[in-house]
Amino acid sequence: MARSLKTKYLLLALAVGAVLSLVLGGLAFYEHRVDAADVNQLTYATVAQKLEADLETRASSLSEITGTSLASALTTGNKTALASIAQRLLDERDIERVEVLDAHGAVLFVGGDPTLLQTGDWFVFQSTIHSNLVSAPVQRVGSLQIWMSRAEMQETLASIRKQLESQQGMQIKRMRGLVAGITLPLLLLGLLGAWFIARQLAGPISALVKSADRIGEGDYTRPLAVVRHDELGDLQFALERMRQKLNETTITKNYLNTVLNSLSDAVLVTTPDGVVKSCNEATQRLLGYQESELLDKPLVSFIDDAHRSAFDLTNSAPEARETVLRTASGQTIPVSMASSAITTEDPQFQGNIYVARNITERKRAERRIRYLARYDTLTKMPNRMQFQHLLQQSIARARRNQRSLALLYLDLDRFKEVNDTFGHAAGDRTLEILSERLTRSLSKDTVIGRLAGDEFAMFVDDLPPDVDNRAAIGSLARTLLDEISRTFYVNQQEVYLTASVGVAICPYDAENVIDLIRNADAAMYHSKQNGGNTFAFYVPEMNAAAVERLMLKSKLRRALERDELVILYQSKVDLRDGRVVGAEALLRWRLPGHGDIPPSQFIPLAEETSLILDIGEWVLNRVCSDYREWQKTVPEPGRIAINLSLRQLKQASFISRCRGVFRKHEVSPTCFELEVTETTLMTDPKRTIGLLNELYAMGLNLAIDDFGTGYSSLSALQQFPIGTLKIDQSFVRDVAVDSNDAAIVRTIIDMGRSLDLEVIAEGVEASEQLEFLRKHGCYYAQGRLFGDAMEAGKMLAILSNQAAGGAHHATLCVPTALRPMRLSS
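These remarks concern the structure in this document. Being a predicted model, the structure only gives us computed values, none of them experimental. Here the residue numbering is sequential within each chain, running from 1 through the sequence in written order. Restriction of local features to residues with pLDDT of at least 70 applies here, the model being predicted, together with a cutoff of 80 or more for giving and counting side-chain atom pairs; totals for whole chains, interfaces and linings are based on all residues. The side-chain quantities take in all heavy atoms of the structure and omit both hydrogens and water.

### So, the nonpolar core
Put simply, buried Ala, Val, Leu, Ile, Met, Phe, Trp, Tyr and Cys residues joined by side-chain atoms within 4.5 Å make one nonpolar core. Each residue's exposure class comes from its accessible area (1.4 Å probe, protein chains only) as a fraction of the maximum for that residue type: buried when under 20%, exposed when over 50%, partly exposed otherwise. One finds Tyr-569, Phe-672 and Leu-773 to be the most contacted residues of the largest nonpolar core, which totals 84 residues. Numbering of helices and strands runs from the N terminus; a helix is a DSSP stretch of H or I covering at least four residues, while a strand is a stretch of E covering at least two. The biggest single contributor to this core is helix H17 (residues 611-633), with ten residues. Residues within four places of Leu-773 in sequence aside, it is in contact with Leu-575, Val-745, Ile-749, Ala-761, Val-764, Cys-778 and Ala-781. Residues Ala-426, Leu-476, Leu-481 and Ile-484 belong to the second largest nonpolar core, which totals 34 residues. We call two residues in contact when some of their heavy atoms are within 4.5 Å.

Set out below in structure tokens:
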């Protein structure tokens, strides 16, 4: 465990004090011991010298005292007296041996134990004995040697040594107490000083640490007070400067977390290998996991097993891709996921960021739109679009299996009378009952569809090709007619109906959907012309249109040379103020003797040959020429929409041709809008995306024409640079009276708004339709309510008048509640 700064300083002061105390005490103790030893040694030496001197003095005194007696004895030669005197000397304390020698050195007396001389410590004193006769001169008569023992002196010295050592021990104890009395207060003072210094440093350092921790966590808002004027103060000031700079230049982590948590989309940040490093709160709400359960887990582990293999972590394209996530509860959620690589050289920040949006509602809306666009909500049968799709599949299957197929086209006779007599509600109920009867009368494998209001179709497939199936099909047709002719009970009313049926057989009568339906329809009209309540098989004579089609194809080749093609403009109106804000260029073929032929009749013929390319380029040149003329009078005529066919889009030089036409007429591509159908978009999506992106980059606006009638999904449409959706007129026609069409239109408007697309309604012919569109947020429309398609001169006149005055359709676009009431006379 890390120690605090105070603890460290106190331990350091304690250690330093202890070391200093030991060093100083040791030095003092050593000096004292040395001094005491010197004093004791000097004292001992002095005492020993004094005792030695006393011993010598005593020996000299005894020698002088006995010298006179010995001199007489030596002079007289009295050995007995000599021995007596010497013996008395031996009896003295500390004298252990006595020798008396004559003048010649001869030993006259030896007293004491001679063996003792080899042991112990002895003091030898020698003196000369002179004669003491008055009458004779002084002369040496002999010598005296005295051996004195130092044992008593040694005992005295030993006692003195013990006293000195005892005294030295007492002095050492006093010295130790003195050292302790001095060092302990000094040590306490050092500890107090260290504690005070550590306390003075701990506060600023703790504040520095806390501030550094806050900065490390991304919190740059709390300033650091600079209260010191030393090096630590410099550090505080430097850290405060760093905080201020970071606060000015760095987005804090808390701010970033707040921003990410404010997003409704789920955001996940992963390592390069797909391990989740962080996520926002929307991710936790979406998946139902806590943050700890999401972190350090592979991103693919949250993707549903069925979609995991299709999810590519290495794909960092900016385009959103769809996948399915599995939540903690096991629920699957469709999401639109966009990803982007985090570009940095720092390995710890490298990875990817994923943004996932819950598209459950969008998917539900797509399914609803697909259903509403493909199925009749009244009868729950496939509508014309879906029926043709199923018929196409069945024809292809019959061709592969070499089987035959019979199409029955059914139209109710005089059904309008039911609506006029009993009302539309009764008519709808009658159609519901009719659909139930048809379903009961046919096998489960038979496909039935409602193609129009009172028109139905059904086909029977898997028929043997080498057998005449007319009898069986005729019997089926008669069964249907009998079932229809039974009384309908609607609202306590009896309703009687009949129908006309036309039959066409594939591959004998036609080999494609359009021709098969057209031929069956021709047979049905043949039955109706024969009074109804019958059926007829198609024969070539019934379809005179085939001959006319061949005639049109031959004459179309010369239409451009003879200048028989004309451009009419259908104005586009802003429903909020009635201003004409643009137009759609409509191609017409004015064939002498036939009048204006609509594009639906001759464009398919042109697409079968290369004429469509020449016609498309002629249309683009003509529209640009008209637009250039308009700009001379009206600088901003609005945006003009031009229809684009699939064959034109497949043309390799289409982009360069468009650019050349705009340059030739000196008009900006931004003034024009190209309309393509859903079918055209989905034919070859990858190539189409590239072409449309080039057109969009050129400045052209792009629109989807007849939206709702194709097979595209909204997720697929998001890949295209589309700016406008045009609601097909088949949905707009009955929008004010048909709840199903109203639901489709509302859904398309809401979907367009959510995708930030401009929505235009086609085929507006009544004010009720206009009010419905404006009420639900569709502010642009075109149709016969605003006048028929017109030539360029009339269009210029409208734009000129509008530029000089108010909106051209201002009165028409005033809300009903604001229109002035008409007073009857």
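Structure's up, so let's keep going.
### Focus on the pairing of strand E8 (residues 332-342)
Where strand E7 (residues 321-326) and E8 come together, six bridges link them in antiparallel fashion. Bridging from a neighbouring strand, Thr-323 pairs with Val-335 of E8. Each pair of strands is called paired provided DSSP finds at least two bridges between the two strands. The turn joining E7 and E8, which pair antiparallel and follow one another in sequence, is formed by five residues; a positive phi near 90° is taken by Gly-330. Pairing between E8 and strand E9 (residues 351-358): eight bridges, direction antiparallel. Across the sheet, the residue bridging to Ala-341 is Asn-352, located in E9.

### With respect to the sheet that holds strand E12 (residues 455-463)
Sheet strands line up and pair through hydrogen bonds in the backbone, either parallel or antiparallel. The strand order E11-E12-E10-E15-E16 describes an open sheet built from five strands, whose pairing is mixed. Looking along the sheet, the strands with just one partner apiece sit at the ends: strand E11 (447-450) and strand E16 (534-537). For this sheet, the mean inter-axis angle between neighbouring strands, taken without regard to orientation, is 20°. Here, axes are lines fitted to C-alpha atoms. For helices the fit covers the stretch in contact, and angles between N-to-C directions go from 0 to 180 degrees. Strands strand E10 (404-412), E12, strand E15 (499-506) and E16 of the sheet are contacted by helix H13 (residues 470-485), whose axis makes an angle of about 155° with E16.

### A word on the pattern of salt bridges
Where charged atoms from two side chains of opposite charge come close, those side chains can pair. What makes a salt bridge here is a side-chain nitrogen of Lys or Arg within 4 Å of a carboxyl oxygen of Asp or Glu, nothing more. Here the structure, examined in full by the defined rule, presents 37 salt bridges. Among the salt bridges present, the one from Asp-411 reaches Lys-528, with a minimum N-O distance of 2.6 Å. You can see Asp-411 sitting in strand E10 and its partner Lys-528 sitting in helix H14 (residues 513-529), a full 117 residues away along the chain. The class for Lys-528 is partly exposed, based on a relative accessible area of 26%. The salt bridge involving Arg-478 is made with Asp-482; its shortest N-O contact spans 3.7 Å. Residue Arg-478 and its partner Asp-482 are located together in helix H13, separated by four residues, close to a single helical turn. Arg-478 sits in the partly exposed class, given a relative accessible area of 31%. Taking the relative accessible area as the measure of exposure, Asp-482 reaches 40% and is therefore partly exposed.

### Some words on helix H26 (residues 792-804)
Here the expected length of a helix is defined as 1.5 Å per residue gap, with one fewer gap than residues. Here H26 contains 13 residues, and its C-alpha end-to-end distance of 18 Å stays within 8% of the 18 Å for a straight helix at 1.5 Å per residue. Within the sequence span of H26, burial applies to Ala-792, Met-795, Ile-798, Leu-799 and Gln-802. Taken around the axis of H26, the buried residues stretch over an arc of 125°, which confines them to a single face. Structural note: H26 exposes Gly-793, Lys-794, Asn-801 and Ala-804 on the side pointing more than 90 degrees away from its buried face. Here, the arc refers to the directions that run from the helix axis to the C-beta atoms.

### Quick look at the sheet that holds strand E2 (residues 107-112)
With antiparallel pairing, the four strands of this open sheet are ordered in space as E2-E1-E4-E3. Two strands close off the open sheet at either side, each with one partner strand: E2 and strand E3 (122-130). Strand-to-strand twist of the sheet, defined as the mean angle between neighbouring strand axes without regard to direction, takes the value 10°. Sheet topology note: the strand E1 (residues 95-102)/E2 ladder contains five bridges and is antiparallel. The residue bridging Leu-101 from the neighbouring strand is Val-107, located in E2. Lying on the sheet, helix H2 (residues 79-90) is in contact with E1, E2 and strand E4 (140-149); it crosses E1 at an angle near 155°.

### A few points about the packing of H17 against helix H19 (residues 654-665)
Remark: H17 packs on H19, axes separated minimally by 9 Å, with the N-to-C direction vectors making an angle of 25°. When the interaxial angle is binned, H17 and H19 end up roughly parallel. Judged by the twist between their axes, the crossing of H17 over H19 is right-handed. Facing Glu-617, Leu-620, Asn-621, Cys-624, Ser-625 and Arg-628 of H17, the residues of H19 in contact are Arg-657, Cys-658, Val-661, Phe-662, Lys-664 and His-665. Ten residues, namely Ala, Val, Leu, Ile, Met, Phe, Trp, Tyr, Cys and Pro, are considered nonpolar, four, namely Asp, Glu, Lys and Arg, are considered charged, and the remaining ones, Gly among them, are considered polar. Broken down by class, the residue content of the contact of H17 with H19 amounts to five nonpolar, three polar and four charged. Roughly parallel means an angle under 35 degrees; roughly antiparallel, over 145; roughly perpendicular, 65 to 115; everything else is oblique. Throughout, a crossing is termed right-handed when the near helix is turned clockwise from the far one, and left-handed when it is turned anticlockwise from it by less than a right angle.

### A few points about the environment of Ile-760
By secondary structure assignment, the location of Ile-760 is in strand E24 (residues 758-761). Classification of Ile-760 as buried rests on a relative accessible area of 1%. Ile-760 sits 32 residues away from Asp-728 along the chain, and the two C-alpha atoms are 9.2 Å apart. Once residues within four sequence positions are removed from consideration, Ile-760 is found in contact with Lys-572, Thr-724, Leu-725, Lys-726, Ile-727, Cys-778, Tyr-780, Ala-781 and Gln-782.

### Considering unusual backbone geometry
Backbone torsion omega between Cys-506 and Pro-507 reads 15°, so that peptide bond is classified as cis. Take Pro-507: it is sitting in the loop between E15 and H14. The backbone phi angle of Asp-462 is positive, close to 60°, even though this residue is not glycine.

### Remarks on the pairing of strand E6 (residues 276-279)
As defined by bridge partners, strand E5 (residues 266-270) adjoins E6 across three bridges and the pair is classed as antiparallel. Counted as the bridge partner of Leu-268 is Cys-279 from E6. A loop of five residues connects E5 with E6, the two strands running antiparallel in sequence, and Gly-274 in this loop sits at a positive phi of about 90°.

### As for the packing of aromatic side chains
Any pair of Phe, Tyr and Trp rings, taking the six-membered ring for Trp, is counted once the centres come within 6.5 Å. Such a pair is stacked with planes under 30 degrees apart, edge-to-face with planes over 60 apart, and tilted for the rest. Summed over the entire model, instances satisfying the criterion amount to ten aromatic pairs. Aromatic pair Tyr-627 and Phe-672: ring centres 5.0 Å apart, planes at 55°, arrangement tilted. Note that Tyr-627 is positioned in helix H17 and Phe-672 in strand E21 (residues 672-677), a separation of 45 residues in sequence. Here the two residues Tyr-627 and Phe-672 agree in accessibility, since each one is buried. Seen in terms of ring centroids, Phe-662 and Phe-672 are 5.5 Å apart; in terms of plane orientation they differ by 20°. Their pairing is stacked. Note that Phe-662 is positioned in helix H19 and Phe-672 in strand E21, a separation of ten residues in sequence. Overall, the relative accessible area of 3% leaves Phe-662 in the buried class. Classification of Phe-672 by relative accessible area gives buried; the value is 0%. What links up through ring pairs into an aromatic cluster is the set Tyr-569, Tyr-627, Trp-630, Phe-662 and Phe-672. Here, a charge over a ring is recorded when the distance from Lys NZ or Arg CZ to the ring centre is within 6 Å and its angle to the ring normal is within 35 degrees. For Arg-321, the ring lying beneath its charged end belongs to Phe-311, and the centroid distance is 4.4 Å.

### Here we look at the state of the cysteines
When the sulfur atoms of two cysteines come within 2.5 Å, that pair is taken as a disulfide. This structure, assessed with the given rule, holds zero disulfides. In this structure Cys-624 is not part of a disulfide, and its nearest cysteine sulfur, from Cys-658, lies 8.6 Å away.

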